[in-house]
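# Working through the structure, step by step
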Amino acid sequence: MQEKAAHPLANIPEGKLESLNALQAQYRNDARSYKADLMCGVYQTREGDPYVLPSVKLARQMLFDDPEWEHEYPASHLGEAPFRELSARMLFGETSQMILENRIASMQTLGGSGACHMGARFLRMHYEPYKFNPRGKVYIPAETWVNHPNVFHAAGFETASVPYYNPSTHAFDFASFNESMTRIPSHSIVVLQVCGNNPTGCDPSAEEWQQLAQTFQAKQHFAFLDLSYPGFVTGSVARDCAPIRLLAETGIPLLLAATYGKAFGLYGERVGHLCFPLPTDQVAARVEQQMKLLAREETGAQPRFGARLVTNILENPHLRKVWEEDLKGLAQDLADRREALKTELLKHNALGDWGFVTSQAGMFL
Ligand SMILES: Cc1ncc(COP(=O)(O)O)c(C=O)c1O
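Let me sum up the structure you'll find in this document. (Residues numbered from 1 in each chain as written. Predicted model: local features only at pLDDT ≥ 70, side-chain atom pairs only at ≥ 80, totals over all residues. Heavy atoms only, no water.)

As a further point, take the pairing of strand E3 (residues 158–162). When a strand is regular, its side chains alternate between the sheet's two faces. When strand E2 (residues 137–141) meets E3, the two strands line up parallel, connected through five bridges. Paired with Val 138 across the two strands is Thr 159, which belongs to E3. Considered for its hand, the β-α-β crossover made up of E2, helix H7 (residues 148–154) and E3 is right-handed. (Pairing = 2+ DSSP bridges. Helix = DSSP H or I, 4+ residues; strand = E, 2+ residues; numbered from the N terminus. Right-handed = clockwise from strand over helix to strand, strands pointing away.)

Listed below in structure tokens is the structure:
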């Protein structure tokens, strides 16, 4: 009998997931009833159950009741047009010149991971300064979403880490970060989260953003902005997104990789949005044409369900109000949970200064 040929994948190495995944598995297997999960970027009830926002329930019902709801491909590779329009208006401001002059190029993406991935691939293909310097690095804060370096490596970039968090003050280390921005080469691509920083819970203050805008402008850096937790800090998307407008209006070249997984609790529906504010509407049109080519070669069409829910909420004044209240409640609940945790730690005389539990914000500690 002829010997069976070895399968071509038979010797595949096991592959290692990040330590965070291992820690999460350890947590799941821990039988203690008083365990607390401070690791994951998912808002759940205090009992640890999934939470569906009331506004999302209403929007879902509206969609189910819509006799016109069909399951065609979206009309464009860029995704659902009303979603992109409403999202850009919310993120950049209704009266923004960038919106009024059609200077924002954008595409719908598979959540924030997809937005980061498409943004990284787009820059790898088109970012002029690195065409002359193909080994130009992407600078990533030392403390960030664990997947950021993977995303840029997969797109073919080298990365370098820059200081972000000061463990002795439990705060954003503005001086070190700003100093490193002045030291790295001009026109560098720098990753920054807009608000509710994962995993530190520390964002630059309004004054620090002002100074960073000046440094970025002087060095002509490109800001790769990750917006994952809008509304989680102040309860208001408009307020939490102020740094985006500041940088864009200062004229700093940037992209915005946003996920609505968190702010609408639509984690698994994969609702993301990649935006580039650009100098003219012609450049924006060309960027969108290139985005279509990119979408086509990557995943073709983008999922419609989650984008339709977000659209229903943003375009309907009543649902929008309900959602704004949902988000305020969520941010307040996170602040209350922080307060409760600090109180318990102090009550049990836990060693250490726990002030940072409430001076930081959002869902990460
Ligand atoms: C900072 C940051 N960026 C991106 C993502 C990815 O978002 P998504 O789950 O929508 O892909 C996350 C998810 O936790 C995140 O925390």
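So, next bit.
This part covers the side chain of Ser 180. Residue position: Ser 180 is located in helix H8 (residues 174–183). You can call Ser 180 buried: its relative accessible area is 1%. Only 2.7 Å separates the side chain of Ser 180 from the backbone oxygen of Phe 177, close enough to count as a polar contact. Discounting chain neighbours no more than four positions away, the residues touching Ser 180 are Val 162 and Pro 163. (Buried < 20%, exposed > 50% of the residue type's maximum accessible area, 1.4 Å probe, protein only. Polar contact = N/O pair within 3.5 Å; in protein donor to acceptor, adjacent residues only side chain to side chain. Contact = heavy atoms within 4.5 Å.)

As a further point, take the environment of Lys 292. By the element assignment, Lys 292 lies in helix H12 (residues 281–298). Its relative accessible area of 31% is what places Lys 292 among the partly exposed residues. Separated by 186 residues in sequence, Lys 292 and Ser 106 place their C-alpha atoms 9.9 Å apart. Other than its neighbours up to four places away in sequence, Lys 292 contacts Ser 76, His 77 and Leu 78.

Here we take up the packing of aromatic side chains. Where two aromatic rings form a pair, the distance of their centres and the angle of their planes describe that pair. Inspection of the entire model under this criterion finds 20 aromatic pairs. Between Phe 64 and Phe 305 the ring centres are 6.4 Å apart and the planes differ by 35 degrees, which places this aromatic pair in the tilted class. Taken together, the positions of Phe 64 in helix H2 (residues 54–64) and Phe 305 in helix H13 (residues 305–315) put the pair 241 residues apart, joining distant regions of the chain. Taking relative accessible area as the criterion, Phe 64 reaches 48% and is therefore assigned partly exposed. Centroid distance Tyr 130 to Phe 157: 6.3 Å. Interplanar angle 70 degrees. Geometry classified as edge-to-face. Remark: Phe 157 occurs in the loop between H7 and E3 and Tyr 130 occurs in helix H6 (residues 128–131); sequence separation between them is 27 residues. The burial state of Tyr 130 is the same as that of Phe 157; both residues are buried. Through a chain of ring-to-ring contacts, the aromatic side chains of Tyr 127, Tyr 130, Phe 152, Phe 157, Phe 222 and Phe 224 assemble into a single cluster. Directly above the aromatic system of Tyr 27 lies the positively charged group of Lys 35, at a separation of 4.5 Å from the ring centroid. (Phe/Tyr/Trp six-rings, centres within 6.5 Å; stacked < 30°, edge-to-face > 60°. Lys NZ or Arg CZ within 6 Å of the ring centre and 35° of its normal.)

On to the state of the cysteines, then. Tallying each qualifying case throughout the model produces zero disulfides. No disulfide involves Cys 116; its nearest neighbouring cysteine sulfur is the one of Cys 275, lying 12 Å away. Note on Cys 116: relative accessible area 1%, which makes it buried. Of all cysteine sulfurs in the structure, the one in Cys 241 sits closest to Cys 275, which takes part in no disulfide; the separation is 10 Å. For Cys 275, a relative accessible area of 0% corresponds to the buried category. (Disulfide = S-S within 2.5 Å.)

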